[in-house]
Amino acid sequence: MVSISGPRRALARDQAQTVVSALYEQHWAGLVRLAVLVMDDRQAAEDVVQEAFANLYRNWPLRESDAALGYLRTAVLNRSRSVLRRRRIARLYIPPHEAPNASAESDAVLGDERLQVQRALQALPTRTRQVLVLRYYLDLPFAEIAQLLGIGESSARSSATRGLATLTDRLKELR
Amino acid sequence: MNDTESRLRDYLDTKAASVPPTAHGPGLDAELTRRRAAWPAVLAAAAVAVVLALTITFITSDPDKPAPAASPAADGPPQVPYVVTEDTDIPNMGPSTLYDGTRTVRLPEDVRVTGPRMGDGWLAWTRTGRNFRVGILGASGKVRQLGPSRADMPVASPDRKQIAIAHRPNRNETGDRLVVLDAGTGAEDLNIAMPRKLSLVTGWNRAGIWVMSDISGKVELFVLRAGEQTFRPVAVGGLTASFATSPQSDTVVYTTSSAGKKCLHAAELRNGKLDVLRTHCEQGVERAVYPVGSRDGRTMVFSERKLAIDVASGKTTQLRLPEPIESYPTPVFEDETKLLVVTQQWDSKKKSPQRLYRCDVTTGDCKLLRTEKDDTQIKLLQP
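Residues numbered from 1 in each chain as written. Chains lettered and ligands numbered in written order. Predicted model: local features only at pLDDT ≥ 70, side-chain atom pairs only at ≥ 80, totals over all residues.

Things to note about the overall build of chain B
For clarity, the cut-off: Each helix is a run of DSSP H or I of at least 4 residues and each strand a run of E of at least 2, with the numbering of both proceeding from the N terminus. Partly exposed residues are those whose C-beta has more than 12 but fewer than 20 other C-beta atoms within 10 Å; 20 or more makes a residue buried and 12 or fewer makes it exposed, with C-beta atoms placed from the backbone. Our contact criterion uses C-beta atoms placed from the backbone: two residues qualify when those atoms are within 7 Å.
Regarding its fold elements, chain B presents two helices and 30 strands. Taken over 383 residues, chain B has a buried fraction of 47%. Long-range contacts, defined here as pairs at least 24 residues apart, represent 46% of the contacts in chain B between residues at least 6 apart.

Quick notes on the overall build of chain A
Across its full length, chain A carries seven helices and one strand. Along chain A, from the amino end to the carboxyl end, the secondary structure elements read β-α-α-α-α-α-α-α. The buried share of chain A, reckoned over its 175 residues, is 44%. Here the analysis covers contacts within chain A between residues at least 6 apart in sequence; of these, 63% occur between residues at least 24 apart.

What to know about the sheet that holds strand β7 (residues 143–146) of chain B
Each strand in a sheet pairs with another by means of backbone hydrogen bonds, the pair being arranged parallel or else antiparallel. Residue and element names in this part refer to chain B. Spelled out, the test is: The rule for pairing is simple: two strands pair if DSSP sees at least two bridges between them. Geometry is summarised by axes, namely lines fitted to C-alpha atoms with helices restricted to the contacting stretch, and by angles between N-to-C directions that run from 0 to 180 degrees.
One open sheet holds the four strands; their spatial order is β4-β5-β6-β7, and the pairing between them is antiparallel. Pairing within the sheet leaves two strands with one partner each, and these edge strands are β4 (111–118) and β7. Averaged over all neighbouring strand pairs, the angle between strand axes comes to 35 degrees, with direction disregarded. Here strand β5 (residues 121–128) runs beside strand β6 (residues 131–137); their pairing, made up of seven bridges, is antiparallel. Within the sheet, the bridge partner assigned to Trp 122 lies in β6 and is Leu 137.

Overview of helix α5 (residues 126–136) of chain A
Counting buried residues in α5(A) gives eight out of 11 residues, a clear majority hidden from the surface. When we look at burial in α5(A), the residues that qualify are A:Arg129, A:Gln130, A:Val131, A:Leu132, A:Val133, A:Leu134, A:Arg135 and A:Tyr136.

What to know about the packing of α5(A) against helix α7 (residues 153–174) of chain A
All names here are of chain A. Note the following rule: The scheme is simple: roughly parallel for angles under 35 degrees, roughly antiparallel for over 145, roughly perpendicular for 65 to 115, oblique for anything else.
Packing of α5 against α7 leaves a shortest axis separation of 9 Å and a crossing angle of 95 degrees. It follows that α5 is roughly perpendicular to α7 by the angle criterion. Listed contacts from α7 to Arg 127, Thr 128, Val 131, Leu 132 and Arg 135 of α5 are Ala 156, Ser 159, Ala 160, Arg 162 and Gly 163.

Some points on the confidence of the model for chain A
Regions with low pLDDT should not have their predicted coordinates read in detail. Residue and element names in this part refer to chain A. The cut-off we apply is this: Confidence of the predictor at the level of single residues is given by pLDDT, which spans 0 to 100.
Across chain A, the average pLDDT comes to 74, with 75% of residues at or above 70. Ranking the elements of chain A by mean pLDDT puts strand β1 (residues 2–5) last with 42 and α5 first with 89. Throughout residues 2–11 the model reports pLDDT below 50, and contacts reaching past four residues in sequence, or to other chains, amount to 51 contacts. Here residues 91–108 scores under 50 on pLDDT; set against residues more than four positions off or in separate chains, the count is seven contacts.

Focus on the nonpolar core
Residue and element names in this part refer to chain B. Selection rule: By definition, a nonpolar core groups buried Ala, Val, Leu, Ile, Met, Phe, Trp, Tyr and Cys residues that are joined through C-beta atoms within 7 Å.
Counting 87 residues, the largest nonpolar core has Ala 124, Ile 163, Ala 164, Ile 165, Leu 178, Val 201 and Val 211 as the members making the most contacts within it. When residues of this core are assigned to their parent elements, the largest contribution, five residues, is made by strand β14 (residues 218–224). Aside from chain neighbours lying at most four places away, what touches Leu 178 is Ala 164, Ala 166, Ile 192, Met 194, Val 201, Ile 209, Val 211 and Leu 224.

Okay, structure coming up:
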């Protein structure tokens, strides 16, 4: 019997190129957006997404039943977190004025109101920021957020609640 | 929604829009080349497909079916071709050698053997830069290429005289074609539009050529019957895109999933619908279930539970194996009752060496045939 299984859930390794390439076409921009929202760094976001796809290809077919997009999102979020952690350590040795900043062009597009939100969001812990991005940008249910981040659903809910409260306080301070 | 939520959504949407939806990544070529492989990368860019609807005369009967081989000795060498890949940092990407009886072929880096045997060679797939083509691998290691470039998923006809391929002429996933090639001459016997973009050729049996699409989680199954030039949709509720065909019968085996339950079904196409012959369900199976069936369609295997199921009676036989079955690439039947399986234990991200067993699906007895080195993997091919 010839057995070939379908993409995303499961597919022959020999066909991984077709499926992963299709996923790349379909989801690259969306995943870069997600990484940008977490890291606020377009170049780093693209690197993280590229790495996630290369890893997906290496691990194809996935051992779980569903999940290519979930796998990619989790990989992007985890790598984003690692990048931010490394960057935070590096910043301990870099004078503040040399730390990377958002571009002037980006600032102009965002405007003052949104820059306040950006600053308030950047001040939150990475995990909290990830929860808020998944909830308020991707509109994901808490159960899915919990699954993507490898945390409990109640943790996802409380992170969102606490994060939103902190964000509210910070925005008041910035006014 | 309070003010903070509104402002947060507004910021996130605006910031996200700094990456245009039409933005494209650099592609995967460089990334994978760096890791040794050089498979073609992104299917992008647009063009218009050339329509070449030729007369279909593909053969689904099996007049030249070879006489069945004698049943293999319990601990004798595998009776099917197999590929051993060394240094498997990336699956299927390391140096590979094909073994088939007394024949051994060191595979060129750009060649993957997909099986089965065709003439005096094996069905293969090659890639050169961004192009990929099908062909027949000879014993010398050279590939006789067939058909157009940007062709993948080759599937042999039951009589091994034709090859069905998915031809993807355009990088933007449009205009995909199903092409049927004469394996001897390479001539196109059929060239018709695929029913959906990125359709996959999943098998060819006496019922016809089976094609599946899985776009954004929506799985659709189609069949092209002999003598027809239009795909017919075949409705299957809960289909999980895991599907296999029995070349020597009308039987197909597929997996469905619902409410935490995964079911393996054997079915035949009757009056345009799948008539289910046998269903076996298991609860709590987390991993994908890859259907496996004997070439005569009489036995199906639920690899995740190490079960062989007789389609006619429903009798299940537990295969006595110490490790989990490596469910993909799938186990392969050598004959009606002998199943070759590769096992591997995964434990905290560490893998045990792969082991090859021969199991009797009527008794559940399994015999160890070989154990691979740590960084080596074995892939069984259809005979």
